[in-house]
Amino acid sequence: MGDYKILKEKVPDFIKALDKFEVFAPVKKGDTVRFEKIDDPSRATLDFSNTNVPPKELMFPETETLFRYRVVSTEIEPKVPSDEEKRVVLGIRPCDAMAFSIVDRLFGWDFPDPYYQKRRENSILVGLACAEPCSNCFCTSLGGGPANEEPLDAILYDLGEFYYLKTITDKSEAFVSSAGDALESAGDSERAQATELAGSAEKKIKRTIKTEGIPEKLPSLYDHEFWTQYSNRCLGCGICTFLCPTCHCFDIQDEIEAFDGRRARMWDTCMFAEYTLHASGHNPRPTRKERTRNRISHKYSYFPTKFGVIACVGCGRCINFCPVNIDIIDVLQKSKEV
Amino acid sequence: MVDENVLRDKAKEILSSGEVRRLIGWKRGTYGYEAAPCVITDASQADDLIFDATCVQNPASFITLEEKLPVPRGQQPDTRKIAVMVKGCDSRAVVQHLVEKAYIRDDVVILGIPCRGVIDRRKAEKIFGEAPQPVLAVAEKDGVVIRVNGEEKKVSREEILADKCLRCRYPNPVISDYPLGDEVEKWADDDFSDVSEFEKESPEEKWAFWEEEFSKCIRCYACRNVCPMCYCVECIVTKLKPQWTRRSTDLSENTVYHIQRAWHLAGRCIECMECQRVCPMDIPIMTLNRKLTKDVKELFDYEPGVDAEAQPLLASYNPQDPEEYIM
Amino acid sequence: MSNDFEPNIIGFLCNWCSYAGADLAGTSRTHYLPNVKIIRVMCSGRVNPLFIVNALQQGADGVLISGCHPGDCHYLEGNYFARRRFVLMHKLLEHVGVDPRRVQMSWVSASEGAKFKDVVEKIVSDVKEAGPMDQFRRRQLNW
Amino acid sequence: MINYRPRIGVYICHCGINIAAVIDVKAVVEHASKLPGVVVARDYSYMCSDPGQGMVREDIEKEKLNRVVVASCSPRMHEPTFRNTLKDAGLNPYYLEMANIREQCSWVHEDPAIATEKAKKLVEAAVAKALLLEALEEKEVDVTPACLIIGAGIAGIQAALDIADAGFKVYLVEKNPSVGGHMAQLDKTFPTLDCSACILTPKMVDVANHPNIELMTYSQVESIEGYVGNFKATIRKKARYVDFDKCTGCGICAENCRLAGRIPSEFDEGIGYRSAIYIPFPQAVPAKYTIDPERCLQLTKGKCGKEGPACAAVCDAKAINFEQQDELVEIEIGTIIVATGYDIFDPTRKPEYGYAENPNVMTGLEFERLVSASGPTGGKIIVGRDRKGEGGFEPKKIGFIHCVGSRDKSVGNEYCSRVCCMYLAKQAHLIKDKLPDAEITVFYMDVRAFGKGFEEFYDRVRREGIRYIRGNPSEIYRKGDDHTLIIKVEDTLTGTPMEYEADLVVLGVGLEPRKDVREIINLFKLSQSTDGFFLEAHPKLRPVDTASDGIFLAGCCQGPKDIPDTVAQAKGAASSALIPMASGKVKVEAQISVVNKDECRGCGFCVEVCPYSAIELVEENRQGNIIKVASVNEALCKGCGSCAAACLSGAIQPKSFKDEQILPQIAVLGVKTE
Amino acid sequence: MMDDSNPYLPYIAKIEETWYETPGDRCIKTFKVNFADEKVWETWSHKPGQCAMVGRLGVGESMFCISSSPTEKDYLRFSIMKMGKVTNALHELEAGDYITVRGPLGNWFPLEEWEGKNIVTIGGGIGQAPLRPVINYIRANKEKYRNLTVLYGARTRDDLCFQPELQCFLEEEETTCRLSVDVCEDKDWEHFVGFVPDLLMEVSPSPENTIAVTCGPPIMIKFVIQNLEKLGFKPDQIYTTLENRMKCGIGKCGRCNVGHLYVCKDGPVFSYETLKDIPEAFA
Ligand SMILES: Cc1cc2nc3c(=O)[nH]c(=O)nc-3n(C[C@H](O)[C@H](O)[C@H](O)COP(=O)(O)OP(=O)(O)OC[C@H]3O[C@@H](n4cnc5c(N)ncnc54)[C@H](O)[C@@H]3O)c2cc1C
Ligand SMILES: Cc1cc2nc3c(=O)[nH]c(=O)nc-3n(C[C@H](O)[C@H](O)[C@H](O)COP(=O)(O)OP(=O)(O)OC[C@H]3O[C@@H](n4cnc5c(N)ncnc54)[C@H](O)[C@@H]3O)c2cc1C
Ligand code: SF4
Ligand code: SF4
Ligand code: SF4
Ligand code: SF4
Ligand code: SF4
Ligand code: SF4
């Protein structure tokens, strides 16, 4: 498809030109980076390692209204995103993008989820190839890579003075055409530089795990003591899952204010004790051992068994952010050894 | 400071005596600037134990994290002790636990480790970048010797130690059964100038600051879960009957969550700074906690976690307490 | 602040002194501003400071806590605990940027109907100046 | 959490026009009827009246109401009334919630629109809470059939006799060596002029002899613990240094005391004198001597004369014992009556009246002793005698001054002492009786002759030729070297400043709370009203009750009053104290705290804050693990809820004031009415 | 199925009748409901064993099995035990009130496959609710099945649900029905006293051409299955329904998984053949 370039100083103009879309891009607050809707182009940044919160929140927000109602009436008003809310998401890292193609399977399975799907359809994903992977990145072990394109609509490469923009899908052409002056055309030389960048980035990835056999092995470790080595120090905080681009568990709660109510869903995590607690008080996963086991097994065994793909993209967030050094690569490696 | 071999030997001795059911300490992490807390139950695992300036975590948190599973009929619960290694700051958590009757003195074996400070991962990353290999670091009187990415360097304390250490008032454990290593000299003090500075801001400025910070919170509750003082059976934050805070994340609920937790730590927070360390969103939680720590000290001349015989701050009063703002 | 702002203030009054004091203001036909709505508790010591936070979140612009004078608590010492808790919570809220005038405490005895009026006038005028509390009100955002 | 189907009835009271004149009652009814859970909303002119209550009862039956909200006056007024209404209709009385739309709405807000909006909100909040009310069980405990009465003035005496006559044990504790209180000091009593001693002394004797009364004079309550029905008190019987049983009351000791006639007599208000071993007055009960440990030479100096204590030497009964110690007695009682009386205003606090300097300026109470036939002068009106009873003169011009220390903000007493107008009238009359030629002038601000027969008496006194001048003297000073006093005053009826000469001025001193009132407050956890007297539970409807169950008030300790009122109140207190004793059972507070053991972490914060030590940590088996959790003693808990605010996880909650019941109120009140 | 485009939107249903099956703190109340919009019936169809999310606006929803058989027309029945927030709120409701219904959800008992076989149902407590539609379906289609045996037990006599119907089963010729209670002080109780797995052993149904369906508390299911195996039942002859905490009911929210299976979507009906390798199924 097309090759373009954007001078770095033109990025704000580029964003401004996309006024037909809602533009989402990473924004820095202190040392944290997170996607936000951009009203002021100067707030967007493309200079970051990866966002703290993965862009899954753009399709599947932390808290989202499913429908509204009045407690005293029998009318309900669904809050499904409309077709009109077209968006461009700028600066998604390839690993996070790949997570969408994994989670798509879940949200598209059997009962399609209109909230997630509508946003997916409405969004044009513009990736940002990694030049400096973080030290805990292991995307290559899961079929990804610093410039992996699936399921991006376009991808940016940081080539110093400018970004090289490569469009991948028809969808992306729509937005490129509206970008106007901010875009210049690019060609083979940029393309070559980009390939080189991707290649060298890939070489910088140090951490790996061979996933073969893991999905089959994990269920056999169901009662194994090895889980407690990790679960004993797990805080049960759920950082690993909240920040995981493929974790998708949620809770549904009703909230009322006087007579107005809404049913909303919000992120939840299998690392919380309340997650599986029955109304009767029985908890099928009573301790952190069962919960730790479930998290790892879900990603590396249950999900692949059901949906044919491991629910991990190797972004390294759960390793980076786990406050107690529960390192998924280490866990998986050990699981093979025991 | 302690010789790791002394520490391991002690751990082995205690574990093989059969008097403890678990021992909490640190072992080398899989990467980076932080050790990993670890729970061991067998003397054979004691060789994994370490202590150096990467041992930032507070092991006391893991005492109360242990789940008490239903005891099958006809069996007895394991009531053997828990052994825990503590730095100065960590030891205050144990003291405060005792004040709050979380367990009794006889339930714990305390291995006290004098400490010259631990490093702050975020500061270190700014200086040396990411560290794919586990880092070794030793705090000395005049700086920290750190082995990172194959090189050994020495940096000043100010540059690399965690903030809590730069104002540490209790480098030596305030309670211990087995003091391991020689006591170290106190090298810092706390004047709460950071808090005083913030106090000077106008309400609007303060709120602007918190609005930005609180809106980042993803309510993972890591700050609560890691906090050695947050060990309620049922935390009001997640309680449904009544529901004080809603699970949905927005500025309102997030703010209330933070006020609630800060309030619950009033006169109880022992300043281990774990809450702020673990926050994936870099929320300066200590700015709230330290405000209360300062006020509690100034208004009531009270400091939690130093005297196991003390009364809990908010479960006691003095008829002469200040009456500021009361009409 | 515009003068037509009528603050909504929730008052937590202890049954024995302050609630009785407010009753006395009533029996004495002491007219005062209607902005404070009272929730009766048995003792100021019952007031969990988180009620204040909850009230601000639920939409109150200000919160008043009132109890017996020190030493006069019907339950002997409840107000001493209340005082400690209040002073700290007040400081905490101030630190978060909540205008400190929004949250006040008073000692009003069963015989101080007139004082109750004064307390009400004071907090109402203070909160009027502070303006509507909309910092962390539970809003219907994204609803 | 609501776990039933709410059927709430809301009743809005007009309170005549007290509510309805300001609040649009119909609009409130309309609003209430739409609230969740409400099945009926009605209004009525007087909800507390029988038809009003009947309406509620009927709805409970017909509409199957399970919660009731009454919006009317203060719950402090009628909560018990409506609780009973519910109970009568077979509903748990704690399913009632009240909205105070009178005291805290219609009476204090003028604007009908605003008041109506506020009333709606208050009703809404009450409904929100009512939804979450729980049925509470009113438990009963056994009552120890005994009453402790503190203070043996006429109030304590009367209460003691009534209770004892009803067949219950009474412990009557009096601080002084004799019972009788102030009434014993009085000469004749207004308005009927019966002789005080004549009507009082028989009662004093009765209390001493009554088989059901254990009289403990010269004693004090040291400590008190427990709760209604089950109090425990420790009484300190102070050492009299005289063996109570051996003393025959002959009085030889006093006559022989080396300090005889040297110590000003408290009973005689300092115008008569006594010995160091004494009975306060001849008719004292018990007629047993007491050694004043602060004056007795033997006790203060360790020796009395060369030969040793004279009293001991002369006592044939060998009753004197300098080694005697205070004795502590523990008693168990079911109820308590506080009847500790009053002190008179100390006129030195009004130096302009020259009381301290001039022996012929005296207090009304001194005058009572002066005029009393059993007093130091034998009832002769002679002023200025010395200690030996020599000298002195018969006054010719006498001034009486009203309101000394009463109705006077400058000394901090805003209240009227209720007895001074009348006792001054009485005293003026008594002088006129004894010194018909004396020129008597009474300076008054107002004359309050409101009691039965008072106005008639006042009229009579004026007709006797006693001059009443309306004016408040600004100064009293000695004219020259003799005893003539000048009273400076402005006649406020004519507006003329005047000076009067007098050779005796009687100050109509008011009644004040006792100087040691704090001790009693701390002991019994009582409250004070603004005037400093003990606070009754309700000024109209519970005038003898205190805030603490089982503790009652009688006499002037609750506020100034004359003897008939004192006796009436004493009888009231006696009958109130008899209620639990006669029924043998008493209800304990139902709104007490409960612990949710599954949420308790055993920190004991609640234990530390509970003022009644009602909580302890007990062992609990949580699925095989032994842990400690809080547990509340139901008889001790008063339901203050302090524990709930101390508990971090909300594991302990006072019934009817649980977090889950208060938060919905906050939620409702937080929403603004626009 | 409901609104095809949005599986989170519930139908509004009106309660027509309610009654209590059992008394006590954890009482069971049955709700007979009809859709507020009668047109829903045109697209609605459910099979025995299927569930629905039943809720109350402002409170939330929970998963309950539809305890009426598809053969019972124009109404749905739910039998709900009072347990937590949602069930408490539902218990408050009475005829004339509205609830939300989202379903039918999950899979169902393969009754077509079972045609021509003997059927044994083994229920405990509220676990009888999902079995009720099975039983009634078979009774309505007697000709297609061979013998029907209903084994049902509860803690006490009062805790037995659907008592009037049980009476019918007892009286009916073609149905074998045996009841049990764990504890009994009642002298005129003529049935079994003891636990359901023991009742099963006493009755000892033959595995020959038989399907056994069981539902009840997890511990009961565990022992019933053990006993069925002792009696010679093969894993594929044993069916059960699982319950787990659920929020979405449509295989998204993730909380009801046992191993790789979502109880809400892949279940709640499972053959023991499927479950036997998933240890978490009986956790
Ligand atoms: C000058 C004067 C003239 C009056 N003339 C009249 C009159 O003519 N007619 C009339 O109706 N009223 C008159 N009164 C009012 C009358 O005196 C009171 O109404 C009456 O005495 C009140 O009785 P009491 O029992 O409440 O209090 P008191 O008489 O004061 O008795 C209280 C008793 O309690 C004892 N006590 C106090 N504290 C303690 C303690 N801690 N422990 C144990 N014992 C304690 C005291 O020693 C005392 O014996 C007059 C009052 C004054 C001052
Ligand atoms: C204008 C006015 C304003 C007042 N304001 C106040 C105030 O603000 N505050 C205050 O404290 N007090 C006030 N009062 C005084 C108050 O009304 C009385 O103190 C109080 O009502 C007395 O109650 P009681 O039960 O003694 O008499 P009542 O209220 O008169 O009741 C006596 C009852 O007995 C009935 N009865 C009478 N004879 C017989 C019989 N032979 N057989 C059967 N039944 C009979 C009567 O019908 C009546 O129902 C006021 C009085 C008036 C006149
Ligand atoms: S981030 Fe780490 S500590 Fe937190 S839940 Fe995940 S594994 Fe446990
Ligand atoms: S750790 Fe950080 S993000 Fe998580 S709840 Fe605490 S403050 Fe919020
Ligand atoms: S926030 Fe409060 S209730 Fe929650 S765990 Fe911490 S101290 Fe306990
Ligand atoms: S609040 Fe933070 S600093 Fe304080 S004790 Fe808890 S974790 Fe440590
Ligand atoms: S409510 Fe008051 S009296 Fe009762 S247990 Fe709690 S603190 Fe004690
Ligand atoms: S304060 Fe709360 S948690 Fe602590 S012992 Fe009391 S009830 Fe239990």
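Residues numbered from 1 in each chain as written. Chains lettered and ligands numbered in written order. Predicted model: local features only at pLDDT ≥ 70, side-chain atom pairs only at ≥ 80, totals over all residues. Heavy atoms only, no water.

**Focus on the pairing of strand β12 (residues 230-237) of chain D**
Residues and elements named next belong to chain D.
(1) Moving on: One ladder, built from eight bridges, connects strand β11 (residues 219-227) with β12; its direction is antiparallel. Within the sheet, the bridge partner assigned to S223 lies in β12 and is T234.
(2) Moving on: Two elements, β12 and strand β17 (residues 327-333), share seven bridges in a ladder whose sense is antiparallel. Along β17, the bridge assignment pairs T234 with E330. (Pairing = 2+ DSSP bridges. Helix = DSSP H or I, 4+ residues; strand = E, 2+ residues; numbered from the N terminus.)

**Quick word on the interface of chain C and chain D**
(1) Moving on: Taken residue by residue, the interface counts 49 residues in chain C and 48 residues in chain D.
(2) Moving on: Summing both partners gives a buried area of about 4,200 Å² for chain C against chain D, and 58% of it is carried by carbon and sulfur.
(3) Moving on: It is C:K37, C:R40 and C:R46 in chain C that bury the most area against chain D; as a group they hold 16% of the surface buried on that side.
(4) Moving on: Summed over the shared surface of chain C and chain D, the number is two salt bridges.
(5) Moving on: We note a salt bridge from C:R46 to D:D659, for which the minimum N-O separation is 2.6 Å.
(6) Moving on: Taken together, the links from chain C to chain D amount to 16 residue pairs in polar contact (both at pLDDT 80 or more).
(7) Moving on: Those elements that provide at least two residues to the side of chain C that touches chain D are β1 (9-14), α1 (18-27), β2 (36-41), α2 (49-58) and α3 (78-96) of chain C.
(8) Moving on: The leading source of residues in the side of chain C that touches chain D is α1(C), at seven residues.
(9) Moving on: Tallied by class, the residues present in the side of chain C that touches chain D amount to 25 nonpolar, 14 polar and 10 charged. (Contact = heavy atoms within 4.5 Å. Buried area = accessible area lost by both parts, 1.4 Å probe. Salt bridge = Lys/Arg side-chain N within 4 Å of Asp/Glu carboxyl O. Polar contact = N/O pair within 3.5 Å; in protein donor to acceptor, adjacent residues only side chain to side chain. Nonpolar A, V, L, I, M, F, W, Y, C, P; charged D, E, K, R; others polar.)

**Describing the sheet that holds strand β3 (residues 32-37) of chain A**
Residue and element names in this part refer to chain A.
(1) Moving on: The mixed open sheet is built from eight strands, whose spatial order is β3-β2-β6-β7-β8-β9-β1-β10. The open sheet has two edge strands, β3 and β10 (184-185), and neither has a second partner.
(2) Moving on: Sheet topology places strand β2 (residues 22-29) next to strand β6 (residues 87-92); three bridges connect them, and they run parallel. When the bridges of β6 are listed, F24 appears paired with V89.

**Describing the state of the cysteines**
By definition, a disulfide links the sulfur atoms of two cysteine residues through a covalent bond.
(1) Moving on: What the rule picks out here adds up to two disulfides over all chains.
(2) Moving on: Each sulfur in the disulfide pair C:C17 and C:C68 lies 2.4 Å from the other. Around the S-S axis, the bridge from C:C17 to C:C68 shows a dihedral of about 100° and counts as right-handed. On the criterion of sequence distance, the pair formed by C:C17 in the loop between β1 and α1 and C:C68 in the loop between β3 (62-67) and α3 is long-range, its members being 51 residues apart.
(3) Moving on: Under the relative-accessibility criterion, C:C17 is labelled buried at 7%.
(4) Moving on: The class for C:C68 is buried, based on a relative accessible area of 3%.
(5) Moving on: Free cysteine D:C105: the closest other cysteine sulfur is in D:C15, separated by 13 Å.
(6) Moving on: Unpaired in this structure, E:C177 has its nearest cysteine sulfur neighbour in E:C168, at a distance of 10 Å. (Disulfide = S-S within 2.5 Å. Buried < 20%, exposed > 50% of the residue type's maximum accessible area, 1.4 Å probe, protein only.)

**A closer look at the packing of aromatic side chains**
(1) Moving on: Summed over all chains, the structure comprises 44 aromatic pairs over all chains.
(2) Moving on: Here A:F60 and A:F107 contribute two aromatic rings whose centre-to-centre distance is 5.6 Å and whose plane-to-plane angle is 55°, an arrangement assigned as tilted. Within this pair, whereas A:F60 is found in the loop between α2 (56-59) and β4 (63-70), its partner A:F107 is found in helix α3 (residues 94-108), the two being separated by 47 residues in sequence.
(3) Moving on: Classification of A:F60 as buried rests on a relative accessible area of 2%.
(4) Moving on: Geometrically, the ring pair formed by A:F272 and B:Y221 is stacked, given 6.0 Å between the ring centres and 25° between the ring planes. Pair noted here: A:F272 is in the loop between β12 (260-267) and α10 (288-307) and B:Y221 is in the loop between α8 (203-216) and α9 (222-226), and the two residues belong to different chains.
(5) Moving on: Three or more aromatic residues link up through ring pairs in this structure, and these residues are A:F60, A:F107, A:Y115, A:Y116, A:F242, A:F250, A:W267, A:F272, B:Y221, B:Y257 and E:Y8.
(6) Moving on: One Lys or Arg, A:R293, reaches over the ring of A:Y222 and ends 3.6 Å from the middle of that ring. (Phe/Tyr/Trp six-rings, centres within 6.5 Å; stacked < 30°, edge-to-face > 60°. Lys NZ or Arg CZ within 6 Å of the ring centre and 35° of its normal.)

**Quick look at unusual backbone geometry**
(1) Moving on: Cis rather than trans, the peptide bond between D:V285 and D:P286 has omega equal to 0°.
(2) Moving on: The topology assignment puts D:P286 in the loop between β15 (277-278) and β16 (290-291).
(3) Moving on: For the peptide bond that leads from E:G267 to E:P268, omega is 10°, which places it in the cis range.
(4) Moving on: The topology assignment puts E:P268 in the loop between α7 (263-266) and β15 (269-271).
(5) Moving on: Positioned with a positive phi, B:R219 is a non-glycine residue whose angle comes to about 55°.

**A few points about the site of ligand 1**
All names here are of chain D.
(1) Moving on: Around ligand 1 sit 38 residues, and of these E174, H182, Y342, K561 and I563 come closest.
(2) Moving on: A distance of 3.2 Å separates an oxygen atom of ligand 1 from a polar atom in the side chain of N176.
(3) Moving on: A distance of 3.3 Å is found between a nitrogen atom of ligand 1 and a side-chain nitrogen or oxygen belonging to R514.
(4) Moving on: Alone, ligand 1 offers 1,000 Å² of accessible surface; in the complex the protein occludes 99% of this. (Near = heavy atom within 4 Å. Areas by Shrake-Rupley, 256 points an atom, 1.4 Å probe, with all protein chains shown as cover.)

**A few points about a negative patch on the surface**
(1) Moving on: A cluster of like negative charges, contributed by E:E16, E:D37, E:E38, E:E42 and E:D74, occupies part of the molecular surface.
(2) Moving on: Summarising the element assignment, E:E42 is placed in helix α1 (residues 40-43). (Patch = residues over 30% accessible without salt bridge, like charges linked within 9 Å, V, L, I, M, F, W, Y side chains within 5 Å. Lys, Arg positive; Asp, Glu negative; His and termini not counted. Charge placed at Lys NZ, Arg CZ, Asp CG, Glu CD.)

**Regarding the side chain of B:H97**
Residues and elements named next belong to chain B.
(1) Moving on: You can see H97 is positioned in helix α3 (residues 88-99).
(2) Moving on: A distance of 2.7 Å separates polar atoms of two side chains, one belonging to H97 and the other to Y103.
(3) Moving on: Contacts of H97, omitting those with residues within four sequence positions, involve A60, T64, A102, Y103, P228, M229 and Y231.

**Notes on the arrangement of the chains**
(1) Moving on: With nine pairs of chains in contact, the largest contact count belongs to chains C and D.
(2) Moving on: You won't find any contact between chain C and chain E; their C-alpha atoms come no closer than 14 Å.

**Quick notes on the packing of helix α5 (residues 112-130) of chain D against helix α18 (residues 659-670) of chain D**
Residues and elements named next belong to chain D.
(1) Moving on: It is at 8 Å that the axes of α5 and α18 come closest, and there the two elements cross at 150°. It follows that α5 is roughly antiparallel to α18 by the angle criterion. Handedness of the crossing formed by α5 with α18: right-handed. For the pair α5 and α18, the contacting residues are K121, E124, A125, A128 and K129 in the first and Q661, P664, Q665, V668 and L669 in the second. (Axes fitted to C-alpha atoms, helices over the stretch in contact; angles between N-to-C directions. Parallel < 35°, antiparallel > 145°, perpendicular 65-115°, else oblique. Left-handed = near helix turned anticlockwise from the far one by under 90°.)

**A word on the sheet that holds strand β6 (residues 98-105) of chain E**
Sheet strands line up and pair through hydrogen bonds in the backbone, either parallel or antiparallel.
All names here are of chain E.
(1) Moving on: Taken in spatial order, the six strands of this open sheet run β4-β3-β6-β1-β2-β5, and their pairing is antiparallel. What marks the edges here is a single partner per strand, and that holds for β4 (60-65) and β5 (76-81). The sheet shows a mean angle of 40° between the axes of neighbouring strands, taken without regard to direction.
(2) Moving on: Judged from the eight bridges that link them, strand β1 (residues 11-22) and strand β2 (residues 28-35) form a sheet pairing that is antiparallel. Bridge pairing in β2 links T22 to I28.

**Some details on the nonpolar core**
The tendency in soluble globular proteins is for nonpolar side chains to be buried as a group.
(1) Moving on: Counting 263 residues, the largest nonpolar core has A:Y157, A:Y300, C:F12, C:L88 and E:W114 as the members making the most contacts within it.
(2) Moving on: Setting aside residues no more than four positions away along its own chain, C:L88 makes contact with B:W263, B:A266, B:L292, B:D295, B:V296, B:L299, B:F300, B:L313 and B:L314.
(3) Moving on: In this structure, D:V228, D:C311, D:A319 and D:I521 belong to the second largest nonpolar core, which totals 89 residues. (Core = buried A, V, L, I, M, F, W, Y, C linked by side-chain atoms within 4.5 Å.)

**Thoughts on the domain arrangement of chain B**
Buried accessible area, meaning the area lost when the parts come together, often serves as the stated size of an interface.
Residues and elements named next belong to chain B.
(1) Moving on: Each domain of chain B was delimited in the assignment, giving domain 1 (4-179) and domain 2 (193-315).
(2) Moving on: On a C-alpha basis, the centroid separation for the pair domain 1 and domain 2 is 23 Å.
(3) Moving on: Every contact between the two is made by 25 residues of domain 1 and, on the other side, 30 residues of domain 2.
(4) Moving on: Between domain 1 and domain 2 the total buried area reaches about 2,300 Å² when both faces are included, carbon and sulfur atoms providing 48% of it.
(5) Moving on: The largest share of the area that domain 1 buries against domain 2 comes from R92, Q96 and R122, three residues that together contribute 26% of it.
(6) Moving on: Where domain 1 meets domain 2, there are eight salt bridges.
(7) Moving on: Between E303 and R92 there is a salt bridge, and its shortest N-O distance comes to 4.0 Å.
(8) Moving on: Put simply, domain 1 and domain 2 have 16 residue pairs in polar contact (both at pLDDT 80 or more) between them.
(9) Moving on: Of all the elements in the fold, those that place two or more residues in the side of domain 1 that touches domain 2 are α2 (61-65), α3 and α6 (163-166).
(10) Moving on: With eight residues, the single largest contributor to the side of domain 1 that touches domain 2 is α3. (Domains from an automatic or database assignment.)

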